[in-house]
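# Examination of the molecular architecture
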Amino acid sequence: MNSKVIYPGSFDPITKGHLDIIKRSSKLFDELIIGVFINSSKKQWFTTDERVELIKKVLEKEGITNVKVVQFSGLLVDYIKKENIDILVRGLRAVSDYEYELQVTLTNEALTTKQFETIFLTASREYLYLSSSIVKEIALNDGDLKGFVPNVIIPDIYEKVKMIKNGK
(Lines give C-alpha, C1' and ligand atoms only; values in the text may rest on other atoms or scores of the structure.)
Protein backbone atom coordinates (compact mmCIF):
# COMPACT_ATOMS: atom_id res chain seq x y z
CA MET A 1 0.00 0.00 0.00
CA ASN A 2 1.59 3.27 -1.10
CA SER A 3 0.46 5.58 1.70
CA LYS A 4 2.30 7.96 3.98
CA VAL A 5 2.10 6.43 7.47
CA ILE A 6 3.15 7.65 10.92
CA TYR A 7 3.61 5.82 14.22
CA PRO A 8 4.03 8.56 16.85
CA GLY A 9 5.11 8.28 20.47
CA SER A 10 7.54 9.37 23.11
CA PHE A 11 9.62 6.15 22.92
CA ASP A 12 11.38 6.89 26.22
CA PRO A 13 12.95 4.39 25.69
CA ILE A 14 11.83 2.26 22.75
CA THR A 15 10.68 -1.15 24.01
CA LYS A 16 10.26 -4.53 22.37
CA GLY A 17 6.54 -3.73 22.25
CA HIS A 18 7.23 -0.58 20.20
CA LEU A 19 9.58 -2.57 17.99
CA ASP A 20 6.89 -5.20 17.44
CA ILE A 21 4.46 -2.52 16.18
CA ILE A 22 7.20 -0.99 14.00
CA LYS A 23 8.12 -4.35 12.44
CA ARG A 24 4.51 -5.24 11.72
CA SER A 25 3.69 -1.77 10.34
CA SER A 26 6.80 -1.72 8.16
CA LYS A 27 5.56 -4.92 6.48
CA LEU A 28 2.13 -3.41 5.80
CA PHE A 29 3.31 -0.12 4.27
CA ASP A 30 6.02 0.98 1.86
CA GLU A 31 7.32 3.68 4.19
CA LEU A 32 6.70 4.23 7.88
CA ILE A 33 7.55 7.42 9.75
CA ILE A 34 8.37 7.09 13.44
CA GLY A 35 7.36 10.41 14.97
CA VAL A 36 9.12 11.22 18.23
CA PHE A 37 7.33 13.86 20.31
CA ILE A 38 9.48 16.82 21.29
CA ASN A 39 6.97 18.25 23.75
CA SER A 40 5.22 15.70 25.91
CA SER A 41 3.43 15.89 29.22
CA LYS A 42 5.61 13.02 30.45
CA LYS A 43 8.94 13.62 32.18
CA GLN A 44 11.51 12.16 29.80
CA TRP A 45 14.69 10.29 30.67
CA PHE A 46 16.21 10.70 27.24
CA THR A 47 16.35 13.90 25.20
CA THR A 48 14.50 13.90 21.90
CA ASP A 49 17.80 13.58 20.02
CA GLU A 50 18.82 10.63 22.21
CA ARG A 51 15.47 8.89 21.63
CA VAL A 52 15.81 9.35 17.88
CA GLU A 53 19.33 7.89 17.99
CA LEU A 54 18.21 4.91 20.09
CA ILE A 55 15.42 4.16 17.60
CA LYS A 56 17.81 4.46 14.65
CA LYS A 57 20.26 2.14 16.40
CA VAL A 58 17.51 -0.46 16.89
CA LEU A 59 16.26 -0.14 13.29
CA GLU A 60 19.78 -0.58 11.93
CA LYS A 61 20.42 -3.66 14.10
CA GLU A 62 17.06 -5.15 13.01
CA GLY A 63 17.70 -4.38 9.33
CA ILE A 64 14.48 -2.38 8.96
CA THR A 65 15.12 0.03 6.10
CA ASN A 66 11.73 1.42 5.07
CA VAL A 67 11.35 3.48 8.26
CA LYS A 68 12.25 7.13 8.78
CA VAL A 69 12.60 8.67 12.26
CA VAL A 70 11.58 12.31 12.74
CA GLN A 71 11.03 14.70 15.63
CA PHE A 72 7.99 16.90 15.88
CA SER A 73 6.30 19.22 18.34
CA GLY A 74 2.84 20.65 18.63
CA LEU A 75 -0.36 18.92 17.65
CA LEU A 76 -0.06 15.62 15.83
CA VAL A 77 -2.88 16.62 13.46
CA ASP A 78 -0.88 19.69 12.40
CA TYR A 79 2.14 17.51 11.59
CA ILE A 80 -0.10 15.07 9.72
CA LYS A 81 -1.51 17.92 7.62
CA LYS A 82 1.90 19.51 7.00
CA GLU A 83 3.44 16.22 5.88
CA ASN A 84 0.30 15.03 4.04
CA ILE A 85 0.14 11.78 6.02
CA ASP A 86 -2.63 9.32 5.16
CA ILE A 87 -2.52 6.84 8.04
CA LEU A 88 -1.84 7.08 11.77
CA VAL A 89 -0.78 3.82 13.45
CA ARG A 90 -1.36 3.34 17.16
CA GLY A 91 -0.51 0.34 19.33
CA LEU A 92 -2.96 -1.05 21.87
CA ARG A 93 -2.10 -3.16 24.91
CA ALA A 94 -5.28 -3.27 26.98
CA VAL A 95 -8.85 -2.03 27.16
CA SER A 96 -7.62 1.08 28.99
CA ASP A 97 -5.35 1.86 26.00
CA TYR A 98 -8.33 1.52 23.67
CA GLU A 99 -10.43 3.94 25.70
CA TYR A 100 -7.63 6.50 25.75
CA GLU A 101 -6.78 6.04 22.07
CA LEU A 102 -10.44 6.32 21.07
CA GLN A 103 -10.65 9.62 22.95
CA VAL A 104 -7.50 10.86 21.18
CA THR A 105 -8.78 9.67 17.79
CA LEU A 106 -12.09 11.49 18.21
CA THR A 107 -10.25 14.62 19.35
CA ASN A 108 -7.94 14.41 16.32
CA GLU A 109 -10.98 14.12 14.04
CA ALA A 110 -12.48 17.24 15.64
CA LEU A 111 -9.23 19.21 15.27
CA THR A 112 -8.16 18.27 11.76
CA THR A 113 -9.02 19.59 8.34
CA LYS A 114 -6.98 16.82 6.70
CA GLN A 115 -8.60 13.41 6.28
CA PHE A 116 -6.52 10.47 7.54
CA GLU A 117 -7.24 7.01 8.89
CA THR A 118 -6.23 5.76 12.32
CA ILE A 119 -5.26 2.09 12.47
CA PHE A 120 -4.91 0.27 15.77
CA LEU A 121 -2.51 -2.68 16.03
CA THR A 122 -2.89 -4.79 19.13
CA ALA A 123 0.27 -5.67 20.95
CA SER A 124 1.54 -9.19 20.53
CA ARG A 125 0.72 -11.38 23.52
CA GLU A 126 4.22 -11.27 24.98
CA TYR A 127 4.15 -7.45 25.08
CA LEU A 128 0.62 -6.77 26.35
CA TYR A 129 1.94 -5.59 29.74
CA LEU A 130 5.06 -3.78 28.53
CA SER A 131 5.56 -0.02 28.78
CA SER A 132 8.47 2.39 28.91
CA SER A 133 7.51 3.15 32.53
CA ILE A 134 7.96 -0.52 33.47
CA VAL A 135 11.34 -0.57 31.69
CA LYS A 136 12.46 2.50 33.67
CA GLU A 137 11.39 0.94 36.97
CA ILE A 138 13.29 -2.28 36.19
CA ALA A 139 16.37 -0.31 35.13
CA LEU A 140 16.32 1.91 38.23
CA ASN A 141 16.27 -1.20 40.39
CA ASP A 142 19.15 -2.88 38.52
CA GLY A 143 16.88 -5.50 36.93
CA ASP A 144 17.61 -7.46 33.76
CA LEU A 145 16.25 -5.62 30.71
CA LYS A 146 16.84 -8.40 28.13
CA GLY A 147 13.20 -9.37 27.72
CA PHE A 148 11.93 -5.80 27.60
CA VAL A 149 14.06 -3.68 25.26
CA PRO A 150 16.20 -4.46 22.21
CA ASN A 151 19.62 -5.69 23.37
CA VAL A 152 21.47 -3.05 21.34
CA ILE A 153 20.21 -0.21 23.59
CA ILE A 154 20.54 -1.90 27.00
CA PRO A 155 23.95 -0.27 27.66
CA ASP A 156 22.47 3.16 26.83
CA ILE A 157 19.68 2.66 29.36
CA TYR A 158 22.02 1.52 32.12
CA GLU A 159 24.29 4.50 31.39
CA LYS A 160 21.28 6.82 31.76
CA VAL A 161 20.41 5.16 35.08
CA LYS A 162 23.95 5.86 36.34
CA MET A 163 23.56 9.51 35.37
CA ILE A 164 20.17 9.73 37.09
CA LYS A 165 21.47 8.09 40.27
CA ASN A 166 24.45 10.45 40.29
CA GLY A 167 22.16 13.46 39.94
CA LYS A 168 23.32 14.45 36.46
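For every chain, the first residue of its written sequence is number 1, and the numbers climb from 1 along that sequence. Thresholds applied to this predicted model are a pLDDT of at least 70 for local features of residues and 80 or more for the giving and counting of side-chain atom pairs; totals over whole chains, interfaces and linings are not thresholded and use all residues. Water and hydrogen atoms were dropped before computing side-chain values, which therefore reflect all heavy atoms in the structure.

The protein chain has the name Phosphopantetheine adenylyltransferase in an unreviewed UniProt entry, where Streptobacillus felis is given as its organism. UniProt positions are given in the numbering used here, feature names are shortened, and annotations may be inferred rather than shown by experiment. The Function (unreviewed entry) comment attached to the protein chain in UniProt states, word for word, "Reversibly transfers an adenylyl group from ATP to 4'-phosphopantetheine, yielding dephospho-CoA (dPCoA) and pyrophosphate."

The classification of residues rests on relative accessible area computed with a 1.4 Å probe and restricted to protein chains. Under 20% of the type maximum is buried, over 50% is exposed, and intermediate values are partly exposed. Elements are defined by DSSP. Helices are runs of H or I of four residues or more, strands are runs of E of two residues or more, and each kind is numbered from the N terminus. Within strand E2 (residues 31-37), five of the seven residues are buried, which leaves it mostly tucked inside the rest of the structure. Pairing between strands is defined by DSSP: at least two bridges between them are needed. When strand E1 (residues 4-9) meets E2, the two strands line up parallel, connected through six bridges. Across the sheet, Lys4 pairs through a bridge with Glu31, a residue of E2. Taken together, the six bridges between E2 and strand E3 (residues 67-72) define a ladder with parallel strand orientation. Paired with Gly35 across the strands is Val70, a residue of E3.

Among buried residues, the Ala, Val, Leu, Ile, Met, Phe, Trp, Tyr and Cys ones that are joined through side-chain atoms within 4.5 Å form a nonpolar core. Of all hydrophobic cores here, the largest spans 35 residues; its most connected members are Tyr7, Ile22, Ile34, Ile55, Val89 and Ile157. Contributing elements (two or more residues each) for this core: E1, helix H1 (16-28), E2, helix H2 (48-62), E3, strand E4 (87-92), helix H5 (132-140) and helix H6 (154-165). Tallying contributions element by element places H2 first for this core, with five residues. Note on contacts: a residue pair qualifies if any of its non-hydrogen atoms lie within 4.5 Å across the two residues. Residues contacting Ile157, with those up to four places away along its chain left out, are Pro13, Trp45, Phe46, Val135, Ala139, Leu145 and Val149. Within the second largest apolar cluster, 11 residues are counted, among which are Phe72, Ile80, Ile85 and Leu88.

According to UniProt, the "site: Transition state stabilizer" (unreviewed entry) feature falls on His18. The topology assignment puts His18 in helix H1. Taking relative accessible area as the criterion, His18 reaches 18% and is therefore assigned buried. Once you skip the residues sitting within four places of it in the chain, His18 turns out to touch Tyr7, Phe11, Pro13 and Ser132.

Two aromatic rings, drawn from Phe, Tyr or Trp (for Trp, its six-membered ring), form a pair once their centres lie within 6.5 Å of each other, and the interplanar angle then sorts them: stacked below 30 degrees, edge-to-face above 60, tilted otherwise. Per the stated rule, a full pass over the model turns up five aromatic pairs. Seen from their ring centres, Tyr98 and Phe120 are 6.1 Å apart, and the 70 degrees between their planes marks the pair as edge-to-face. Remark: Phe120 occurs in strand E5 (residues 117-122) and Tyr98 occurs in helix H4 (residues 95-111); sequence separation between them is 22 residues. Relative accessible area serves as the criterion here: at 39%, Tyr98 is assigned to the partly exposed category. For Phe120, a relative accessible area of 28% gives the class partly exposed. Ring-pair connections join several aromatic residues into one group, and the members of that group are Phe37, Phe72 and Tyr79.

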